[in-house]
Structures are given as C-alpha cells and as structure tokens.
Amino acid sequence: SVADERTGWAYAAWVHQASSPPPISLPKGEQLAKAHRFVFACDNHGDMLHAPTLRAFWKFLDLWKPTIRIAGGDHFDFRHLRAKAGEGERYESAQHDFQCGLDFLRKLKPTHVSWGNHDDRAYQQLSHPNQNVVDQAERVIEEMEGAVKGAKVIPYDKRKYHHIGDLKFIHG
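Please read all numbers here as calculations on a predicted model, not as lab measurements.

Draft legend 1. Geometry of the side chain of histidine 171. Position of histidine 171 relative to the elements: it lies in the segment after strand S7 (167-169). Residue classification places histidine 171 among the buried residues on the basis of a relative accessible area of 6%. Looking at histidine 171, its side chain comes within polar contact range of the side chain of aspartate 74, at 3.2 Å. A distance of 3.1 Å separates the side chain of histidine 171 from the side chain of asparagine 117, its partner in a polar contact. Excluding residues that lie within four positions of it along the chain, histidine 171 makes contacts with Asp43, Gly72, Gly73, Asp74, Trp115, Gly116, Asn117, Tyr156 and Lys158.

Draft legend 2. Spatial organisation of helix H3 (residues 95-108). In a regular helix each residue adds 1.5 Å, so 14 residues correspond to 20 Å; H3 covers 20 Å between its end C-alpha atoms and thus fits that length. By the burial criterion, the buried members of H3 are Asp97, Phe98, Cys100, Gly101, Leu102, Phe104, Leu105 and Leu108.

Draft legend 3. Examining the side chain of asparagine 44 more closely. Structurally, the position occupied by asparagine 44 is in the loop between strand S2 (36-41) and helix H1 (51-64). Residue classification places asparagine 44 among the buried residues on the basis of a relative accessible area of 2%. With sequence-adjacent residues up to four places away left out, asparagine 44 is seen in contact with Leu49, Asp74, His75 and Phe104.

Draft legend 4. Fine view of the pairing of S2. Here S2 lies mainly inside the structure; 5 of its 6 residues are buried. The pairing of S2 with strand S3 (residues 68-71) spans 4 bridges and is classified as parallel. Across the sheet, residue phenylalanine 38 finds its bridge partner in S3, namely isoleucine 68. As for the winding sense of the linkage, the β-α-β connection from S2 through H1 to S3 is right-handed.

Draft legend 5. Seen up close, the nonpolar core. Counting residues in hydrophobic clusters, the biggest one holds 23 residues, and the most contacted among them are Phe57, Phe76, Phe104, Leu105, Leu108 and Met144. Those elements that provide at least two residues to this core are S2, H1, H3 and helix H5 (131-147). For this core, the leading source of residues is H3, giving 5 residues. Of all hydrophobic cores here, the second largest spans 7 residues; its members include Phe38, Phe40, Cys42 and Ile70.

Draft legend 6. Structural detail: the pattern of salt bridges. For the structure on display, the rule yields 6 salt bridges. When the shortest N-O distance is used, the salt bridge between arginine 79 and aspartate 77 registers 3.0 Å. When sorted by exposure, arginine 79 lands in the same class as aspartate 77, which is buried. We note a salt bridge from aspartate 157 to arginine 159, for which the minimum N-O separation is 3.5 Å. On the basis of relative accessible area, aspartate 157 is assigned to the buried category, the value being 18%. Classification of arginine 159 by relative accessible area gives exposed; the value is 64%. In this structure, a network of salt bridges that share partners links the residues Asp47, Asp77, Arg79 and Glu92.

Calculation rules
Residues numbered from 1 in each chain as written. Predicted model: local features only at pLDDT ≥ 70, side-chain atom pairs only at ≥ 80, totals over all residues. Heavy atoms only, no water. Helix = DSSP H or I, 4+ residues; strand = E, 2+ residues; numbered from the N terminus. Buried < 20%, exposed > 50% of the residue type's maximum accessible area, 1.4 Å probe, protein only. Polar contact = N/O pair within 3.5 Å; in protein donor to acceptor, adjacent residues only side chain to side chain. Contact = heavy atoms within 4.5 Å. Expected span 1.5 Å × (residues − 1). Pairing = 2+ DSSP bridges. Right-handed = clockwise from strand over helix to strand, strands pointing away. Core = buried A, V, L, I, M, F, W, Y, C linked by side-chain atoms within 4.5 Å. Salt bridge = Lys/Arg side-chain N within 4 Å of Asp/Glu carboxyl O.

Structure, rendered in structure tokens:
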C-alpha cells in the first residue's frame, strides 16, 4: 500500500467475503461474491495535498487497479467557508482549492463517496440568507456531484458509512 507517512491518507488492501462459514448477513452492507481490490482515499483537502504523495498514489493505483474506489471525504478544503476563517482565508480565491478537489475525484473515479465535513461546507451554504451565495453554492455542488457521477454517495454524517463486505468506511 501507499500512504503519506505524515497524514496516512491513502490505504489499500483486499476485501473479500469468506466462503466458509456461509456469507454474513449484512443488511446495510454490500455482499461481495469474490475478492476485490479496494482503495480508500480521503483528506486530500483540495490544494493542501502533498504533491509527491499524490504522484505516488496515482502510480500505486495504476499498479493496484482496484475495483472498489472509496473517496472518503474532505476532497476540498473550503477554508474560506469555515465559520472562524481568518480575513486572509475569507478573501483568498477558492478556485485552485476547488479545481484540485475536482481533478482528484475525476481521476480517482470513485465507486463510493462519503462527503466530509469540509466538503459539507458547500452544502451548508444552501441555507445562506444571501441568494447570490446560494446560487453559487448550487453551481459548486453541481460540479462536485458531477465529478462523482455513478458513485454511491453518502452526505456528510459522522454516523453513516459505506458497508462493504466485512468493512465499514466512514468520514468521522
């Protein structure tokens, strides 16, 4: 597996459904008929990612060829939307952060997505009193969701998770 030793944001392993004893009943989980390669990638935080780790991660994916690709959240930093953002953060351009997050998700081509608390900052703007902010949030969310089209998506909730085989994947 490949992981940034400072943040540990990328992991890979085998997921399999045991053939003996009989398959476990997973009412909320996906049953897997055979072994699958998977990758769980999270917390790259848009433009905050570590470039050498990202290059190693893409190289690893080319070799590993996982059939299950889980985007575990915080693929955008959206620090300008943080409630206690400093003046510098509030006024800096968010475009580079947003583009880096979109590029990551489009290249990852996730089969499963859990939005994280940072990603959720865009959704929180839908209840903003300024309609211009709401309009912009709708466009941002449309692009975010378009980047993961076809994936099973879980909105940010630290109690919800993807249940695949015997494993649960969560952004806590």
